[in-house]
Amino acid sequence: MKDRQSFVQEEGFDAHDPLLFDAQLTDEETEVRKVVREFAQAHLYPTVTKAYRDQALFLEKYKEMGKLGILGGDCCELYGGRRINSVSYGLIAYELERVDSGYRTLYSVASSLVMHAIYAYGSEQQKEMWLSKLLKAEAVGGFALTEPEHGSDTGAMESSVKKHEAGYILNGKKRWIGLGNYADILIVWAKDEEGVVRGFIVPRSQRGVSTKDINGKLSLRTVPQADITFDNVYLERSYMLPKAKGFSAPFSCLNQARYGISWGVLGAAQSCLDKALKYSQSRHIFGQSLAAKQITQQKLVNMQVEIALGLQACYRVAQLMEMGRSHHNMISLLKLNSTQKALKIAQDARDLLGGNGILDDYDVMRHLTNLYAVDTYEGTSTIHTLILGKALTGVPAF
């Protein structure tokens, strides 16, 4: 947790909360943040360095999230969950990523991708069968969209389904699928014989499904990603998400995830600021604390400014989401801004820590490597720039 002692207070100004962000929160939102912060710091942070070193998923940590009741976002109230509004959803992402991007990724995959897909596009039978289990982390889900040869260019998807007897035959390959080797079910996107994208709930145990963890990662080491192959996998007709037709379905799920990322990376940035500030106040160089140097103060203030403004942008879009007035381009703006600013903050924090900045004991380098990956997935900064560029100029540049 943030060490408030590190922040020097001046009358009428709180350097910990320069724009009085906390004052905007409702009692419920404040309580959600408090509960998740305490959970994250007590149950996730103490073992995060070991998890990163070992590239190990402690599945019990994910199950603890389910017991805490934070999975599902605002979509599963009727299936045993609690409604979590847009601000609270963002605050949860912020607190989890303040520990590690991998733990926020677990939250995003479960809530924004898997459960949202079933809730928004599934049949009532599918919802009854899976949502309660997923909410409690009694079942694990994965979201299989990205392919080995097609990352940003999802339109070039090669995975296919063909009608067969009373169901379908699925063939294809997917890559970078979070929890893919641990999932009970996979939300798989593939083109039908007419070239229309369809979604399916595929049990990982289904014959013809093979998964393999991706090893050798230098980023997001606390959450596993997998390569998945579908070799003539027979799917019953009941496996299809009946309301999912076309790319708008998976993109709506991605939009939910991007929104959570926009809050989450600012949590990672705050962790980096906390470490850099505390280090600069205790480290002495040329007879003075590092914090007494002008360049140091410039870097620290820039971090503070970007986090404060980034949170206000996220809060505003959360308000618009609750009013039903948000637009997917707003989410692109948030994701682009938050990830780029968080990356710069992590880079500057690593620089302020000098040689110690590369040690995992100080957390900063772990955040930095994670943020490079987060800046890439769910739409790279380049893709979100092009999305916003098209909106601004009216000319597509993809």
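All residue numbers here refer to positions counted from 1 along the written sequence of the relevant chain. Only residues with pLDDT of 70 or above have their local features reported here, since the model is predicted, and side-chain atom pairs are shown and tallied only from 80 upward, although totals for entire chains, interfaces and linings are computed over all residues. The side-chain figures draw on all heavy atoms in the structure; neither hydrogens nor water molecules are used.

A.B. asks: Quick question: what am I supposed to make of the nonpolar core here?
C.D. replies: One broad rule of soluble globular proteins: the nonpolar side chains tend to lie buried together. Within the largest apolar cluster, 113 residues are counted, with the highest numbers of intra-cluster contacts made by Met65, Ile118, Phe143, Leu170, Ile187, Trp189 and Trp263. Ranked by residue count, the leading element in this core is helix α6 (residues 248–282), at 16 residues. Whether two residues touch is decided by their heavy atoms; if any such pair falls within 4.5 Å, the residues are in contact. Among all residues touching Ile187, those that are not within four sequence positions of it are Val114, Ala117, Ile118, Gly142, Phe143, Ala144, Phe200, Ile201 and Leu241. As used in this record, nonpolar core signifies buried Ala, Val, Leu, Ile, Met, Phe, Trp, Tyr and Cys residues forming a set joined through side-chain atoms within 4.5 Å. Exposure categories follow from relative accessible area, calculated using a 1.4 Å probe and restricted to protein chains: below 20% of the type maximum is buried, above 50% is exposed, and the middle band is partly exposed. Elements are defined by DSSP. Helices are runs of H or I of four residues or more, strands are runs of E of two residues or more, and each kind is numbered from the N terminus.

A.B. asks: Got a minute to help me understand the packing of helix α7 (residues 294–322) against helix α8 (residues 328–352) in this structure?
C.D. replies: Between two packed helices, what matters for the description is the angle formed by their axes and the separation of those axes. Comment: axis = line fitted to C-alpha atoms, over the contacting stretch for helices; angle = value between 0 and 180 degrees taken between N-to-C directions. With their axes 10 Å apart at the nearest point, α7 and α8 run at an angle of 160 degrees to one another. In this view, α7 runs roughly antiparallel relative to α8, as classed from their interaxial angle. You can see that α7 and α8 cross each other, and the crossing is left-handed. Of the residues in α8, those touching α7 at Thr296, Lys299, Leu300, Met303, Glu306, Ile307, Gly310, Ala313, Cys314, Val317, Leu320 and Met321 are Met330, Ile331, Leu334, Asn337, Ser338, Lys341, Ile345, Asp348, Ala349, Asp351 and Leu352. Per-class residue counts for the contact of α7 with α8 are 14 nonpolar, four polar and five charged. Small angles under 35 degrees read as roughly parallel and large ones over 145 as roughly antiparallel, with 65 to 115 read as roughly perpendicular and the rest as oblique. Each helix crossing is assigned a hand: it is left-handed if the near helix lies turned anticlockwise from the far helix by less than a right angle, otherwise right-handed if that turn is clockwise. Basically, the charged four are Asp, Glu, Lys and Arg, the nonpolar ten are Ala, Val, Leu, Ile, Met, Phe, Trp, Tyr, Cys and Pro, and anything else, Gly included, counts as polar.

A.B. asks: What am I meant to see in the packing of aromatic side chains here?
C.D. replies: Two descriptors summarise a pair of aromatic rings, namely the distance from one centre to the other and the angle between the planes of the rings. A pair of Phe, Tyr and Trp rings is counted when the ring centres sit within 6.5 Å of each other, with Trp represented by its six-membered ring. The angle between the planes then sorts it: under 30 degrees is stacked, over 60 is edge-to-face, the rest tilted. Applying the stated criterion across every chain yields a total of nine aromatic pairs. Judged by centre distance (5.9 Å) and plane angle (80 degrees), the ring pair of Phe21 and Tyr315 falls under edge-to-face. Of this pair, Phe21 sits in the segment before α1 (27–54) while Tyr315 sits in helix α7, and the two are 294 residues apart along the sequence. You can call Phe21 buried: its relative accessible area is 6%.

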